Each structure stands twice: as structure tokens, then as C-alpha cells.
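These are the residues of each chain, in order.
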Amino acid sequence: MGKNYSIKEVSEIFNITTNKVRFYEKKGLINPKRDMDNDYRYFTEDDLIKLQTILMYRELDIPIEHIKDIFTDESKDNILNHFHAQWKVINNQIHRMQLIQDSLEEIMDNIYEGENETYKEKIIKVIESMNEVWEIKNNWKDKWDFNSWARTYDKSVERDSGNLKFYKYYNDILDTTFNKSIKNKEKTIKVLEIGVGTGNLADRFLKNEYDITGMDQSREMLNVAKEKYPKLKLRLGDFLNIPFENRKFDVIVSTYAFHHLNDEEKKVAIKEILRVLKDDGRIVIGDLMFENQEEKEKIMNRLTKEEIKEIEDEHYSNIQLLRNEFKRYNRELQITRMDELVFIIEVN
Ligand SMILES: C[S@@+](CC[C@H](N)C(=O)[O-])C[C@H]1O[C@@H](n2cnc3c(N)ncnc32)[C@H](O)[C@@H]1O
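Definitions and cut-offs
Residues numbered from 1 in each chain as written. Predicted model: local features only at pLDDT ≥ 70, side-chain atom pairs only at ≥ 80, totals over all residues. Heavy atoms only, no water. Salt bridge = Lys/Arg side-chain N within 4 Å of Asp/Glu carboxyl O. Helix = DSSP H or I, 4+ residues; strand = E, 2+ residues; numbered from the N terminus. Buried < 20%, exposed > 50% of the residue type's maximum accessible area, 1.4 Å probe, protein only. 1 Å grid on protein atoms, 1.4 Å probe; cavity = no way out; pocket = protein on both sides within 12 Å on 5 of 7 lines; lining within 4 Å. Points joined across faces, edges and corners; volume = space filled by probe spheres on them. Nonpolar A, V, L, I, M, F, W, Y, C, P; charged D, E, K, R; others polar. Near = heavy atom within 4 Å. Polar contact = N/O pair within 3.5 Å; in protein donor to acceptor, adjacent residues only side chain to side chain. Areas by Shrake-Rupley, 256 points an atom, 1.4 Å probe, with all protein chains shown as cover. Sits in = over half its atoms within 2 Å of the grid points. Contact = heavy atoms within 4.5 Å. Domains from an automatic or database assignment.

**Q** Explanation requested: the pattern of salt bridges in the structure shown.
**A** Two side chains that carry opposite charge are able to pair once their charged atoms sit near each other. Enumeration according to the criterion identifies 25 salt bridges in this entry. Between E346 and K180 there is a salt bridge; the shortest N-O distance is 3.2 Å. Here E346 is found in strand β10 (residues 342–347), whereas its partner K180 is found in helix α9 (residues 170–182), with 166 residues between them in sequence. Judged by relative accessible area, K180 falls into the buried class, the value being 15%.

**Q** Got a minute to help me understand empty space enclosed by the protein in this structure?
**A** Summary: where empty space remains is shown by rolling a probe the size of a single water molecule over the atoms. Applying the stated rule across the entire model yields one cavity of 30 Å³ or more. By volume, the largest cavity amounts to about 40 Å³. Lining the largest cavity, in full, are W87, K88, N91, N92, L236, G237, D238 and N241. By residue class, the composition of the lining of the largest cavity is two nonpolar, four polar and two charged.

**Q** Please explain the environment of M215 as it appears in this structure.
**A** Summarising the element assignment, M215 is placed in strand β4 (residues 211–216). With relative accessibility at 0%, the residue M215 sits in the buried group. Residues M215 and S254, 39 residues apart in the sequence, show an inter-C-alpha distance of 9.8 Å.

**Q** Would you mind showing me how to read the site of the ligand here?
**A** Neighbouring the ligand are 21 residues; Y170, G195, D216, Q217 and T255 lie closest to it. The separation between a nitrogen atom of the ligand and a polar main-chain atom of G195 is 2.7 Å. Considered on its own, the ligand offers 580 Å² of accessible surface; in the complex 99% of this is hidden by protein. With respect to the pocket detection grid, the ligand is positioned in the second largest pocket. Grouping the amino acids of the shell around the ligand by side-chain chemistry returns eleven nonpolar, seven polar and three charged.

**Q** Would you mind showing me how to read the side chain of H82 here?
**A** Residue placement: H82 occurs in helix α5 (residues 76–113). Among residues more than four places away in sequence, those in contact with H82 are H66, D69 and I70.

**Q** For this particular structure, what's the right way to read the layout of surface pockets?
**A** The calculated volume of the largest pocket comes to roughly 960 Å³. What lines the largest pocket is a set of 33 residues, and nearest its centre among them are L99, D102, V133, K137 and K271. Of all the secondary-structure elements, those providing two or more residues to the lining of the largest pocket are α5, α6 (118–139) and α12 (263–276). For the lining of the largest pocket, the element with the most residues is α5, which contributes ten residues. Looking at the lining of the largest pocket, its residues break down into 13 nonpolar, six polar and 14 charged. Two domains each put at least three residues into the lining of the largest pocket: domain 2 (77–139) and domain 3 (146–347). Here the second largest pocket is characterised by a volume of approximately 660 Å³. If you go around the second largest pocket, you meet 42 residues; those closest to its centre are F146, W149, Y167, Y256 and H260. Its residues assigned to classes, the lining of the second largest pocket comprises 20 nonpolar, 14 polar and eight charged.

That is the geometry; function is a separate question.
Below, the structure is given as C-alpha cells:
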């Protein structure tokens with residue numbers, strides 16, 4: 001039989017108050033035995049290990065209820081789900097803090113440089129625009145439910161059962177995206193794929209021994225990608241809150257994903273993509289697009305009701321809008337048409 005510890009000893013071992021130990025007991029995270037004679041708690045070595053785990057998880061800010069659930073179901077999948085959820089919370093906090101810091105900087109510059117009281121109006125404007133961006137970053141929802149599509153996605157690409165047949169040249173589009181993205185780039189480059197899905201494009205980089213990280217907002221897509229390509233590095237994250245530091249990647253690629261953002265969201269995403277891209281980096285996006293509004297109207301006029309409905313369920317890009325947006329950051333855009341509705345854009 002191992003040693004038993006009193007609550008006082010436990011609090012000394014972990015350098016925490018006895019109240020804190022009682023708190024975790026009250027929350028049902030630990031369950032020390034009671035001495036029948038005097039009702040004192042006594043803790044076994046297993047209780048100590050559990051308490052140490054609780055304290056470690058609390059260092060990561062994992063909520064009490066989540067820790068409780070991890071203890072109930074210790075499967076790898078459940079633990080990963082909780083760590084991913086926490087990763088997302090922390091990433092969102094970082095993005096929120098960054099927005100606040102940028103706004104404070106802008107406000108301080110204005111106070112230094114502004115005439116008399118004019119800076120007061122400017123402060124309001126900066127805060128309003130900060131809130132607008134935050135709403136866009138925070139409000140994107142996966143209305144297509146990619147989690148439930150993940151397991152059948154590859155099959156549905158093969159079947160291509162939609163009216164518009166936009167997967168007709170799928171492999172060609174992925175090959176071309178890959179080839180364009182590695183043009184003149186060394187093998188040592190760091191590549192990020194956004195909306196990696198089940199990993200079909202990332203696989204082209206892996207096979208050629210490139211350092212690629214796949215990111216997706218869907219946990220289930222990440223699960224499928226990991227099962228198919230165990231060596232693929234994967235992260236949970238979305239276009240609007242990319243979980244990486246500034247200027248980390250040489251190349252950013254994406255296929256069939258950007259059309260899940262509307263025009264306002266695309267503008268915020270472009271800023272995010274450029275933030276994590278190196279100054280001489282390249283972006284290659286293969287996706288559903290129209291060249292401009294005029295082209296869109298021409299094509300839409302020829303389509304059936306069902307086809308129009310399919311298009312309206314997504315947010316096909318207007319290439320002219322993307323071109324203008326990238327121009328604001330002094331970036332040039334080139335296009336390659338792969339099909340009537342599928343283009344590859346390269347941004348250098
Ligand atoms: C149609 S699938 C394409 C998957 C893969 N790129 C391909 O070409 O087969 C779209 C993928 O983009 C992801 N996605 C959609 N919106 C996203 C967003 N805002 N941020 C990150 N990923 C997103 C979805 O979860 C899904 O895995």
C-alpha cells in the first residue's frame with residue numbers, strides 16, 4: 001500500500017492553498033478518501049498525480065468542466081478535441097489583443113500629431129473600425145458543416161454529382177496549384193495550405209519533400225487528413241484568424257476553400273494571409289471565381305435555376321475585387337483559367 005497524504009501535506013507539495021485543493025474536490029475533479037474516525041481527507045499517490053495534471057491543465061487555462069470531461073474520457077480523440085478547443089480560444093484572444101494593440105498605436109499617433117481636439121473624433125473612428133473588423137473575424141460560421149462532410153468528401157469529389165461539375169478537373173487544378181507555388185522556390189521553403197480538407201493538395205508537397213503545414217477550421221477534416229497522411233503537420237484555424245506569427249511562410253496555397261468567405265471576409269482574410277507571408281512570398285489560390293461582374297452576369301444568364309442556386313450557396317470570388325484588394329498591399333495578381341468557373345490566381 002502506498003503512502004497517504006493529508007490535505008496540508010498536499011498543499012505544501014504543490015505550493016497551493018488547502019482551499020484550492022477543496023475547490024477541486026468540490027468540482028468533482030478529485031475524490032480523496034475520508035478517514036472513518038475523524039473525517040479527515042487522505043490523498044493517495046494517484047490523487048497526487050491527478051492533482052498535478054489538473055494544475056498543469058489550469059496553466060493552459062483549460063476550463064474546469066473540460067478537465068472533468070478529459071478525466072471521464074481519456075481517449076486520444078477526446079483529449080485532442082479539448083486541446084484544439086483551447087487552442088482556438090487562445091488564438092482568438094491573441095487576435096483580439098493584437099487588434100487592440102494596433103488600435104492603441106493608431107490612436108496614440110493621432111494624439112501626438114492631431115490638432116487640438118480633433119483626435120477625439122479619430123479615437124471614436126479607430127474604435128468603430130476595430131469593432132467592425134472584430135465582428136467579421138468572429139462571426140464566420142461553417143454553414144456547410146464540413147465536419148459531417150469530411151468522411152465522404154473524397155468520394156463526393158470523385159462523383160462530382162453537382163450540376164456545375166466544378167470538380168471535373170480537380171486533379172489538374174491541384175497539380176497546377178502545386179507547380180505554380182513551387183516555381184523558383186527552394187526545397188527549404190515553408191508552405192501553408194489553408195482549408196487543407198482531406199489533404200489532397202498537401203500530399204503533392206509531402207511527396208516532393210516540402211515542409212508543409214495544413215490548416216483547416218474543421219476538426220473532422222483534420223482527422224481524415226491525419227489518417228491519410230500521418231506525416232502531415234496540421235493545425236486548427238481559419239482564414240480570418242490564422243494561428244501563426246508574422247512572415248512565417250514562403251508560400252501559401254489553397255484550393256476550393258476561399259469561396260466560403262464573403263467579400264468583406266475575403267478582405268480581412270487577405271490581410272491575414274499577407275501578415276503570415278514573407279515579404280517575397282507567393283500565394284496561389286485555386287477556386288471558384290468570376291473574372292468580374294460583367295462576366296458573372298453573362299454566365300448567370302445562361303445557367304439553369306438549380307445551377308444558379310448552387311452558385312448562390314457559396315461566395316464565388318470576383319477576381320477584379322481580389323486584384324484591387326491585393327493592389328492596396330502592392331501585390332500583383334495573375335490568373336489562369338482552368339474551367340468556366342475555376343481559376344487559379346497567383347499573387348507575387
Ligand atoms: C471544399 S473543401 C476543399 C478541401 C481541399 N482544399 C480540396 O481542395 O479538396 C473546403 C475546405 O475548406 C475549409 N474551410 C472553409 N472555410 C474555411 C475557413 N474560413 N477557414 C479555414 N478553412 C476553411 C473547410 O473546412 C474544408 O475543409
